[in-house]
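The primary structure of each chain is shown beneath.
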Amino acid sequence: MDPSPSQAAPARTRQGRVSFPAILAGLMVLWPVLALLGTQGFTPLLGIAALIALAFLPPLPRPSLLLILFASFIIWVSAATSWSPAQDGPLFSGSLATQNFAVDFSPARLMGMAMAALITLGALNSAHHATRLSARVITAVLLIHIGMVLITPPLLAPGLAIMYDDPAMAARDGMQNVLRFANASALAAPVVLAAVWTAPLAVRLAFGAAIAGLAFMFALIGNAAGLLALAAASMAIFIVLLARQRGFVVLFAGLATLVLAAPGLGHAARLLDRLDINLPLSFQSRIWAWQAVSERVFERPWLGHGLEAASTWRETYTTRPEWLAEAVARGGEAAAWQRYPVVPSHPHNMALEIWAETGAVGAMLAAGTLMALGLRLAGASALPRGAQIGAAGLTGAATAIACVSYSAWNEAFWAGVTLLALCLLTVSRAARGA
């Protein structure tokens, strides 16, 4: 008689093969270190997981609407390179003989990310079971990450001094890595919530206290994106709990609408400007960037300006004298703001960037993909309640960060989200004894 899932060996399936959930748990041990180093290591970590997952892939399923829309979006984004001013050099440069051969093709990493996500998700879905040990390892690793973030404030100044000799570099690059480290913990929190949802009350209260501590820590270091992520995760969880069976449809319909309505963000930003709210200059600069990018959207509304075109928009605040004057009046250094670009490499709003660089076609494909994903998750009622809440929380947190932080094509961010989605599935499967 076959052993029950709870009796199975932690790292092996009933057939005696090493299970992919156990391998994923082993790889996730690296998560806190990679997060501390600025999260850029999430991309190779997902790549390693995808290479291993090839051995666990089931026969290819029939294409679904979700897969077709997602593939169409990736193909369109890749095609947008052909009319992008950022693609101003040859596709191939150098040579193997001189050891400087290079391929300058941005979509390669996007297609690689998409393939890695599909391969790992397919391998995990085909797994016969996910042991409780794998889920416990993942939960412990993410709790370590959250704990590391909680003790960041007193260690921040001495830590940056040790890692950076140049104070200016510490203030710029060092703090950027710290904020990425903190944002990753906000994304990880919903996965831990799913794991402890059925735990004893004392455990749940302790985790609630840890989340409150995260919010306090984010406020101390000025991490507005992290605070927004926690708030958006809570809102998304509330929607799923309130709407029950249709919760994910409502949630993702809202996200699709958010993408389609992104060009109106510039108008909303102008209205916010008129309210004369004394926002921090870092956030105020986001509002000005959104206005500038929204204007660019209407220059090429259908096809967009091309992939990563925003990185070529280097106009400084000298071209916007009214904004420059306001920044200086509010304490900004005139010389610094005169050199600072209005659009700093990207809009810091993924939906707006999709519109600006891939046009209405890209935005409609992105919105369609989100809507199809919501319909797919509508069948998540078979999942434990904790898994549903974790999925909603991860969606909300990722959406908040996508609205104010990274580029839409930031592969490290999407690798982190994919890894956490894999962890959530593993925790969910272990919870229901699959």
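Everything below is about the structure printed above this text.
What counts, and at which threshold
All chains use their own residue numbering, which begins from 1 and follows the written sequence. Under the rules for a predicted model, residues below a pLDDT of 70 receive no local features and side-chain atom pairs below 80 are neither given nor counted, while totals for whole chains, interfaces and linings still include all residues. Only hydrogens and water are set aside; all other atoms, that is, all heavy atoms of the structure, feed into the side-chain values. Secondary structure elements are taken from DSSP: a helix is a run of H or I of four residues or more, a strand is a run of E of two residues or more, and numbering for both begins at the N terminus. In this setup the radius of gyration rests on C-alpha atoms only. A globule is expected at 2.2 Å times the number of residues raised to 0.38. Throughout this description, buried means an accessible area under 20% of the type-specific maximum (1.4 Å probe, protein chains only), exposed means over 50%, and partly exposed covers the range between. The criterion used for residue contact is that any of the two residues' heavy atoms lie within 4.5 Å. Working convention: axes come from line fits to C-alpha atoms, limited for helices to the stretch in contact. Angles between N-to-C directions cover 0 to 180 degrees. Under this scheme an angle from 65 to 115 degrees is roughly perpendicular, one under 35 degrees roughly parallel, and one over 145 degrees roughly antiparallel; angles in between are oblique. Left-handed describes a crossing whose near helix is turned anticlockwise from the far helix by less than a right angle; the clockwise case is right-handed. By convention, a stacked pair of Phe, Tyr or Trp rings (six-membered ring in the case of Trp) has centres within 6.5 Å and planes under 30 degrees apart, an edge-to-face pair has planes over 60 apart, and any other such pair is tilted. Any N or O atom pair separated by 3.5 Å or less is treated as a polar contact, with the protein-specific requirement of one donor-capable and one acceptor-capable atom, and with residues adjacent in sequence counted only for side-chain atom pairs. Here the term patch refers to residues with relative accessible area over 30% and no salt bridge, with like charges joined within 9 Å and nonpolar side chains (Val, Leu, Ile, Met, Phe, Trp, Tyr) within 5 Å. Calculation of accessible area relied on Shrake-Rupley with a 1.4 Å probe; when residues are assessed, cover is drawn exclusively from the protein chains displayed. The salt bridge criterion pairs a side-chain nitrogen of Lys or Arg with a carboxyl oxygen of Asp or Glu, the two atoms within 4 Å. Among buried residues, the Ala, Val, Leu, Ile, Met, Phe, Trp, Tyr and Cys ones that are joined through side-chain atoms within 4.5 Å form a nonpolar core. Here the expected length of a helix is defined as 1.5 Å per residue gap, with one fewer gap than residues.

**Q** A description of the overall build of the protein chain should follow, citing residues and the corresponding values.
**A** The helix and strand tally for the protein chain stands at 18 helices and two strands. Relative to the globule expectation of 22 Å for 434 residues, the C-alpha radius of gyration of the protein chain, 22 Å, shows essentially globular dimensions. If one aligns the C-alpha atoms of the protein chain with their principal axes, the spans along those axes are about 80 × 55 × 45 Å. Sorting the 434 residues of the protein chain into buried and exposed places 48% on the buried side. When contacts within the protein chain are restricted to residue pairs at least 6 apart in sequence, those whose partners lie at least 24 apart make up 80%.

**Q** Any chance you could break down the packing of helix H10 (residues 224–243) against helix H17 (residues 385–404) for me, citing the residues and the numbers?
**A** Relative orientation of the contacting elements H10 and H17 amounts to 140°, with a least axis distance of 7 Å. One way to sum up the angle between H10 and H17 is to call them oblique. When you trace H10 past H17, the crossing you get is right-handed. Note on element contacts: H17 touches H10 through Arg-385, Gln-388, Ile-389, Ala-392, Gly-393, Gly-396, Ala-397, Ala-400, Ile-401 and Val-404, opposite Ala-225, Leu-228, Ala-229, Ala-232, Ala-233, Ala-236, Ile-237, Val-240 and Leu-241.

**Q** Give a description of the packing of aromatic side chains that names residues and reports values.
**A** Summed over all chains, the structure comprises 12 aromatic pairs. Note on Trp-31 and Phe-42: the rings are 4.0 Å apart at their centroids and 10° apart in plane angle, and the pair reads as stacked. Here Phe-42 lies in helix H3 (residues 42–53) and Trp-31 lies in helix H2 (residues 31–36), a separation of 11 residues in the sequence. Classification of Trp-31 by relative accessible area gives buried; the value is 1%.

**Q** Quick rundown of the side chain of His-305? Include the residues and the values.
**A** Here His-305 is to be found in the loop between helix H13 (281–297) and helix H14 (321–329). A residue is classified by how much of its surface remains accessible, and His-305, at 11% relative accessible area, is buried. At 2.8 Å, the side chain of His-305 forms a polar contact with the backbone oxygen of Arg-296. If we skip the residues at most four places from it in the chain, His-305 touches Trp-83, Ser-84, Pro-85, Arg-296, Glu-299, Arg-300, Trp-313, Ala-356 and Glu-357.

**Q** Which residues make up unusual backbone geometry, and what values do they have?
**A** In this structure, Thr-39 is a non-glycine residue whose phi angle is positive, near 75°. Positive phi outside glycine occurs at His-348, with the angle close to 60°.

**Q** Outline a nonpolar patch on the surface, listing residues and values.
**A** There is a patch of nonpolar side chains on the surface, built from Val-33, Leu-37, Ile-162 and Met-163 and spanning about 470 Å² of accessible area. Here Met-163 lies in helix H7 (residues 152–163). Among the residues examined, Met-163 registers a relative accessible area of 61% and is labelled exposed.

**Q** Please set out the nonpolar core residue by residue, giving values where relevant.
**A** The biggest cluster of nonpolar side chains holds 126 residues, and the ones touching the most others in it are Trp-31, Leu-142, Leu-187 and Leu-419. Tallying contributions element by element places helix H8 (residues 167–196) first for this core, with 15 residues. The contact partners of Leu-187, leaving out residues within four places of it in the chain, are Leu-394, Ala-397, Ala-398, Ile-401, Phe-413, Val-417 and Leu-420.

**Q** Got a sec to walk through helix H18 (residues 411–431)? Specific residues and values, please.
**A** Note on helix geometry: an α-helix contains 3.6 residues per turn, so any two residues three or four positions apart are oriented the same way. Spanning 21 residues, H18 covers 30 Å between terminal C-alpha atoms, matching the ideal 30 Å at 1.5 Å per step. Counting buried positions along H18 gives 16 out of 21 residues, so the element sits mostly inside the fold. Its side-chain oxygen 3.1 Å from the backbone nitrogen of Ala-412, Asn-410 forms the N-cap of H18.

**Q** If you had to explain the environment of Ser-345 to someone new, which residues and values would you point to?
**A** Topologically, Ser-345 is positioned in the loop between helix H15 (334–339) and helix H16 (350–377). You can call Ser-345 partly exposed: its relative accessible area is 39%. Ignoring sequence-local partners within four residues, the contact set of Ser-345 consists of Ala-310, Ser-311 and Arg-314.

**Q** How would you sum up the pattern of salt bridges? Please name residues and give values.
**A** Here the structure, examined in full by the defined rule, presents seven salt bridges. When the shortest N-O distance is used, the salt bridge between Glu-295 and Arg-320 registers 2.7 Å. Placement of Glu-295 in helix H13 and of Arg-320 in the loop between H13 and H14 is noted, with a sequence separation of 25 residues between them. Sharing partners across several salt bridges, the network here consists of Arg-109, Glu-308 and Glu-411.

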